Each structure stands twice: as C-alpha cells, then as structure tokens.
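Chain by chain, the residues run as shown.
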Amino acid sequence: AEGTELGRLGKLLAAQGRIGEAREALRRGEALLREVGDQLGLAILLCESGCTELAVNDLDAARTALAAAETVARAMGLGSQSEAGRAIAALRATLD
C-alpha cells in the first residue's frame, strides 16, 4: 500500500537527517492509511513518526505519536507480541 511505502520512505529520510521531508512523507502516509482503514499499518507508521520526532528531540510530538499508536493498537486488540505492539514498546522505552 502506498501509505505503508510512504512510512518506509519517511523512516529512511529521517535516518538521512532529512527531517522535514520525513515528516511530510509520514504525514501523507498517515492520511492514506487512515483513508483506507489500514489500522495495523497506521499504528506502525505512527511509531515511525514518533521515532522521527525523537531524532530532533521533539518529545511532545513523539509522545503524541505514541499515544495515537497505542489508541489504534488497543482498538484493534493488538497484543505486545504483534509487530505494532513491539514498535510501541520500543518507542515507549526510548521515551521513558
């Protein structure tokens, strides 16, 4: 799905230090995933967004992304062993 690919692109751009472009890719990916109802992909992308925000020390934005990912995962009944659950736990651990 295009939204998932934009999430991957955002992660890659963030790793290259291209934060503005990363944020834009992640924002567009989030919108597409919400539009098509891909909740699992959305939860993972939100964690990637949180990691991007951590890279520039925007802790408030990272916490907001984490909370959104947790809300999506909870609504889907995703457990801690799911891909999204592991991404959430990793982001939470980094924020703690």
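Since this is a predicted model, take the numbers as computed values, not measurements.

Draft legend 1. Main features of the overall build of the protein chain. In terms of helices and strands, the protein chain carries five helices and zero strands. For the protein chain, the α and β elements follow one another from N to C terminus as α-α-α-α-α. In the protein chain, buried positions account for 40% of the 96 residues. Within the protein chain, the 14 negative side-chain charges are centred at a point lying 2 Å from the centre of the 11 positive side-chain charges.

Draft legend 2. Highlighting the packing of helix α4 (residues 59-76) against helix α5 (residues 83-95). Where α4 meets α5, the closest approach of the two axes is 10 Å, and the angle between their N-to-C directions is 150°. By the angle class used here, α4 and α5 are roughly antiparallel. As α4 runs across α5, the sense of the crossing is left-handed. Residue-level inspection shows L59, A62, R63, L66, A69, E70 and A73 of α4 in contact with α5, the latter providing I88, L91, R92 and L95. Partitioning the contact of α4 with α5 into residue classes produces eight nonpolar, no polar and three charged.

Draft legend 3. Main features of α4. Helix length check: α4, at 18 residues, gives a terminal C-alpha distance of 26 Å against a target of 26 Å (1.5 Å per residue), a fit within 8%. Burial in α4 covers these residues: A62, A65, L66, A69, E70, V72 and A73. Looking straight down α4, one finds that the buried residues subtend no more than 165° of arc, so they occupy a single side. Exposed residues on α4 whose side chains face more than 90 degrees from its buried face are D60, T64, R74 and A75. Check the buried side of α4 and you find it contacts α3 (39-55) and α5. Positive backbone phi, at 75°, marks G77, one or two positions downstream of α4.

Rules used throughout
- Residues numbered from 1 in each chain as written.
- Predicted model: local features only at pLDDT ≥ 70, side-chain atom pairs only at ≥ 80, totals over all residues.
- Heavy atoms only, no water.
- Helix = DSSP H or I, 4+ residues; strand = E, 2+ residues; numbered from the N terminus.
- Buried < 20%, exposed > 50% of the residue type's maximum accessible area, 1.4 Å probe, protein only.
- Lys, Arg positive; Asp, Glu negative; His and termini not counted.
- Charge placed at Lys NZ, Arg CZ, Asp CG, Glu CD.
- Axes fitted to C-alpha atoms, helices over the stretch in contact; angles between N-to-C directions.
- Parallel < 35°, antiparallel > 145°, perpendicular 65-115°, else oblique.
- Left-handed = near helix turned anticlockwise from the far one by under 90°.
- Contact = heavy atoms within 4.5 Å.
- Nonpolar A, V, L, I, M, F, W, Y, C, P; charged D, E, K, R; others polar.
- Expected span 1.5 Å × (residues − 1).
- Arc of directions from axis to C-beta.

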